[in-house]
Protein chains: 2
Amino acid sequence: MNMGPMTIGEAAKASGVSVKMIRYYDEVGLVRPASRSEGNYREYDTRAVNELRFIKRARALGFDMAEIAQLLSLWRDRERPSREVKAIAQRHLADLDTRIREMQAMADTLRHLAHCCAGDDRPDCPILADLGGADLGRADHTTL
Amino acid sequence: MNMGPMTIGEAAKASGVSVKMIRYYDEVGLVRPASRSEGNYREYDTRAVNELRFIKRARALGFDMAEIAQLLSLWRDRERPSREVKAIAQRHLADLDTRIREMQAMADTLRHLAHCCAGDDRPDCPILADLGGADLGRADHTTL
DNA sequence: ATAGACCCTCCAATGATGGGAGGGTCAAGC
DNA sequence: GCTTGACCCTCCCATCATTGGAGGGTCTAT
């Protein structure tokens, strides 16, 4: 296997990150190519490809670019205190949990409304009634 | 209470939707003002304000604008079959459930990793190890 | 030399929302 | 009547990560 510099397309295949996104990460300074060729092509080495994979995995865990920038710089720093990594992870985790709870509240309400809806030819519909601000039997399931 | 046409600011207060968003809903054709004043001010009646509230509630349940456009047109149609409303709600519900499951998988993985991280001065960190593609003890918690 | 696959940069759009600039309208008080 | 301040108008821009395309240059194999 050729371990020399890769083109952006090769780095994309090796990392699973799209060519477009690799260019974007370069542009925002997250992962810069090791060098440029004579013809101005980006050249990536295995280290850069590992960083791209790192980003891909971090994105899959829901981290945003700002968090990934921090994680990446900690990853590059062999002296990092794991405390800092854990803090970022826990902050993100709390964020995830909040969003999950919000979406679950939506889903629960919606499930209840859909369950109460006949879903036939008739126009009467508790879903629309709720959205329209029905005053009947509220205060329980509608509280988000 | 004055039931005549309201200005956009009054409609915003009455509906809980921001002035900016009311203008946006007008622009995209979701809720158009009942009329325009001499001075080109948008004028909203109670019906429009009810529709704004409808949108607000639907947004709180996570519906996107395309879904809301459909729900709104069903709401306006007294002949609608509740089946159609229910179908939209159930599609959205399935979507929500999928997203919730995805986020829960992220959160579970992250919780596990954070739990395994000492979070002290030392650089060793299972979180970074996982992001970096560690080959040790995978295949269980890392499967998204 | 030419075809085809690849690469480059720049621009635009996504969805819902907020922010602001620059300017017009209206009502109250003088 | 005129000023002031609150309100309104229409544009434009930014967000966040990602994708798409246009227009054009580079490389490789035939």
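What counts as what
Residues numbered from 1 in each chain as written. Chains lettered and ligands numbered in written order. Predicted model: local features only at pLDDT ≥ 70, side-chain atom pairs only at ≥ 80, totals over all residues. Heavy atoms only, no water. Helix = DSSP H or I, 4+ residues; strand = E, 2+ residues; numbered from the N terminus. Rg over C-alpha atoms; globule rule 2.2 N^0.38 Å. Buried < 20%, exposed > 50% of the residue type's maximum accessible area, 1.4 Å probe, protein only. Contact = heavy atoms within 4.5 Å. Areas by Shrake-Rupley, 256 points an atom, 1.4 Å probe, with all protein chains shown as cover. Lys, Arg positive; Asp, Glu negative; His and termini not counted. Charge placed at Lys NZ, Arg CZ, Asp CG, Glu CD. Expected span 1.5 Å × (residues − 1). Buried area = accessible area lost by both parts, 1.4 Å probe. Salt bridge = Lys/Arg side-chain N within 4 Å of Asp/Glu carboxyl O. Polar contact = N/O pair within 3.5 Å; in protein donor to acceptor, adjacent residues only side chain to side chain. Nonpolar A, V, L, I, M, F, W, Y, C, P; charged D, E, K, R; others polar. Least-squares fit on C-alpha atoms with pLDDT ≥ 70 in both. pLDDT = per-residue confidence, 0-100. Near = heavy atom within 4 Å.

Another point: the overall build of chain A. Within chain A one finds six helices and two strands. Secondary structure elements in chain A, listed N-terminal to C-terminal, are α-α-β-β-α-α-α-α. Scaling as 2.2 N^0.38, a compact globule of 144 residues should have a C-alpha radius of gyration of about 15 Å, whereas chain A reaches 24 Å, well beyond that. C-alpha atoms of chain A, sized along the principal axes, occupy 70 × 40 × 25 Å. Classification of the 144 residues of chain A by burial places 39% in the buried group. Across chain A, the fraction of contacts at a sequence separation of at least 24, relative to all contacts at a separation of at least 6, is 47%. Of the roughly 8100 Å² that chain A leaves accessible, carbon and sulfur atoms contribute 50%. Between the averaged position of the 22 positive side-chain charges in chain A and that of its 22 negative side-chain charges there is a distance of 8 Å.

To continue, consider helix H3 (residues 46–60) of chain A. Spanning 15 residues, H3(A) covers 21 Å between terminal C-alpha atoms, matching the ideal 21 Å at 1.5 Å per step. Here the buried face of H3(A) lies against helix H1 (8–15), helix H2 (19–27) and helix H4 (65–76) of chain A together with helix H5 (82–116) and helix H6 (126–131) of chain B. Just beyond H3(A), the residue with positive phi is Gly62(A), at close to 90 degrees.

The parts lose accessible area when they come together, and the size of an interface is often stated as this lost area. Contacts between the two partners involve 52 residues from chain A, matched on the other side by 52 residues from chain B. Between chain A and chain B, roughly 4600 Å² of surface is buried when both sides are summed, and carbon and sulfur atoms account for 68% of that area. When the buried area of chain A at its contact with chain B is split by residue, Arg57(A), Leu128(A) and Leu131(A) rank highest and sum to 16% of it. Connecting chain A to chain B are six salt bridges. Scanning the region where chain A abuts chain B turns up 20 residue pairs in polar contact (both at pLDDT 80 or more). Contributing elements (two or more residues each) for the side of chain A that touches chain B: H3, H4, helix H5 (82–116) and helix H6 (126–131) of chain A. Per element, the largest residue contribution to the side of chain A that touches chain B is 21 residues, and it comes from H5(A). Partitioned by chemical class, the residues of the side of chain A that touches chain B number 28 nonpolar, nine polar and 15 charged.

Below, the discussion takes up the relation of the copies chain A and chain B. Between chain A and chain B, the superposition needs a rotation of 180 degrees and an axial shift of 0.0 Å, giving an RMSD of 0.1 Å. A rotation of that kind, with that shift, is consistent with a two-fold axis. The rotation axis passes nearest to the C-alpha of Ile100(A) in chain A, at a distance of 3.0 Å. When you check the interface residues of chain A against chain B, 100% turn up at the interface there too, and the contact is symmetric in its surfaces.

Mean pLDDT over chain A works out to 91, with 91% of the residues at or above the 70 mark. Low pLDDT, under 50, characterises residues 137–144 of chain A; the predicted model gives this stretch 11 contacts beyond four residues in sequence or across chains.

Another aspect to go through is the protein's contact with DNA strand C. In the vicinity of DNA strand C there are 18 residues, among which Gly9(A), Arg42(A), Lys20(B), Met21(B) and Met65(B) approach most closely. Among all atoms of DNA strand C positioned within 4 Å of the protein, those belonging to sugar or phosphate total 69%. One of the side-chain nitrogen or oxygen atoms of Thr7(A) is found 2.9 Å away from a phosphate oxygen of DNA strand C. Gly39(B) places a polar main-chain atom, nitrogen or oxygen, 3.5 Å from a phosphate oxygen of DNA strand C. Residue assignment for the surface near DNA strand C shows that the elements contributing at least two residues are H1 of chain A together with helix H2 (19–27) of chain B. No other element matches H2(B), which puts four residues into the surface near DNA strand C. Among the residues forming the surface near DNA strand C, the class breakdown is seven nonpolar, five polar and six charged.

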